[in-house]
Amino acid sequence: MLKLQAIKYQDRELLRDTSLEAMANDEWEKMISESTARSHNRQYFEIFIVTEGDTVVGYVSLYAHSPHIISCGSEIKPQYRRQGYAYQAESLVLKMSKSLGYTVAVAYIRESNSASIRLHEKLGFEQDSAFVNDKNNEMRLYIKAL
């Protein structure tokens with residue numbers, strides 16, 4: 001059964017094969033501190049390790065944009081992709097977000113990330129707009145009422 005657990009400092013080794021592995025030590029410490037405090041830039045923020053039994057398959061994060069709007073994002077390790085883990089993890093955090101009082105979820109997805117686009121559409125997100133971000137990436141904004 002898929003579970004989410006709050007991230008801890010010592011979990012770094014468990015997140016090999018994810019983008020978090022490349023973080024500098026000070027960035028990692030800041031992220032863990034903010035997740036533990038559930039606050040980044042005075043907004044709700046939290047990261048969870050995604051596990052299946054004793055196996056860490058990835059992570060999922062939540063970040064509030066306002067008292068009513070939250071974004072979620074997941075990263076599943078390459079060897080566990082296409083097995084439904086991202087769908088299950090994001091479904092769990094969306095339910096959690098609703099219970100915390102959020103009413104709208106958003107996702108910013110690179111145009112080239114077809115797997116994430118399919119995932120969010122399967123979760124019931126609808127495309128709102130397309131734009132180019134400050135890193136010159138073509139992006140899509142997806143929105144879902146909770």
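Residues numbered from 1 in each chain as written. Predicted model: local features only at pLDDT ≥ 70, side-chain atom pairs only at ≥ 80, totals over all residues. Heavy atoms only, no water.

**Student:** Teacher, can you tell me more about the layout of surface pockets here?
**Tutor:** In this approach a probe as big as a water molecule rolls over the atoms, and the regions it shows empty are the leftover space. Put simply, the largest pocket is a space of about 1600 Å³. Around the largest pocket, the lining is made up of 46 residues, and of these Gly73, Ser74, Glu75, Asn113 and Ser116 lie nearest the centre. Residue assignment for the lining of the largest pocket shows that the elements contributing at least two residues are helix H1 (25-37), strand E2 (45-52), strand E3 (55-64), strand E4 (69-76), helix H2 (85-99), strand E5 (104-110) and helix H3 (114-122). For the lining of the largest pocket, the class distribution of residues is 21 nonpolar, 14 polar and 11 charged. (1 Å grid on protein atoms, 1.4 Å probe; cavity = no way out; pocket = protein on both sides within 12 Å on 5 of 7 lines; lining within 4 Å. Points joined across faces, edges and corners; volume = space filled by probe spheres on them. Helix = DSSP H or I, 4+ residues; strand = E, 2+ residues; numbered from the N terminus. Nonpolar A, V, L, I, M, F, W, Y, C, P; charged D, E, K, R; others polar.)

**Student:** Honestly, the pairing of E2 in this entry has me stumped. Any pointers?
**Tutor:** The side chains of a regular strand alternate, residue by residue, between the two faces of the sheet. Among the eight residues that make up E2, seven are buried, leaving the element largely enclosed by the rest of the structure. Here E2 folds back onto E3, and the loop between the two strands holds two residues, one of which, Gly53, carries a positive phi near 65°. (Buried < 20%, exposed > 50% of the residue type's maximum accessible area, 1.4 Å probe, protein only. Pairing = 2+ DSSP bridges.)

**Student:** Help me understand the sheet that holds strand E1 (residues 2-6), please; the structure alone is not making it clear to me.
**Tutor:** Working definition: the strands of a sheet are paired by backbone hydrogen bonds and lie parallel or antiparallel to each other. In space, the seven strands of this open sheet follow the order E1-E2-E3-E4-E5-E7-E6, with mixed pairing throughout. Two strands in the sheet have a free side with no partner beyond their single neighbour: E1 and strand E6 (126-132). Neighbour to neighbour, the strand axes of the sheet diverge by 30° on average, direction disregarded. Two elements, E5 and strand E7 (residues 138-145), share seven bridges in a ladder whose sense is antiparallel. Within E7, the position partnered with Arg110 by the bridge is Met139. Sitting on the sheet, H2 is in contact with E1, E2, E3, E4, E5 and E7, with an inclination near 155° to E4. (Axes fitted to C-alpha atoms, helices over the stretch in contact; angles between N-to-C directions. Contact = heavy atoms within 4.5 Å.)

**Student:** How do you make sense of the environment of Ile32 when you look at a structure like this?
**Tutor:** Its location among the elements puts Ile32 in helix H1. Accessibility expressed as a relative area gives 6% for Ile32, which makes it buried. Along the sequence, Ile32 and Gln10 sit 22 residues apart, while their C-alpha atoms lie 9.6 Å from each other. Leave out the neighbours within four places in its chain, and Ile32 touches Ile7, Lys8 and Tyr9.

**Student:** Mind showing me how you'd approach the pattern of salt bridges here?
**Tutor:** Two side chains with opposite charge may pair up if their charged atoms get near one another. Under the criterion given, the structure shown has four salt bridges. Linking Arg16 and Glu13 is a salt bridge whose minimum nitrogen-to-oxygen distance equals 2.4 Å. (Salt bridge = Lys/Arg side-chain N within 4 Å of Asp/Glu carboxyl O.)

**Student:** What is the right way to read the side chain of Glu90 from this model?
**Tutor:** Tracing the backbone through its elements, the reader meets Glu90 in helix H2. Buried charged residue Glu90 carries no salt bridge. Nearest counter-charge: Lys144, at 9.8 Å. (Lys, Arg positive; Asp, Glu negative; His and termini not counted.)

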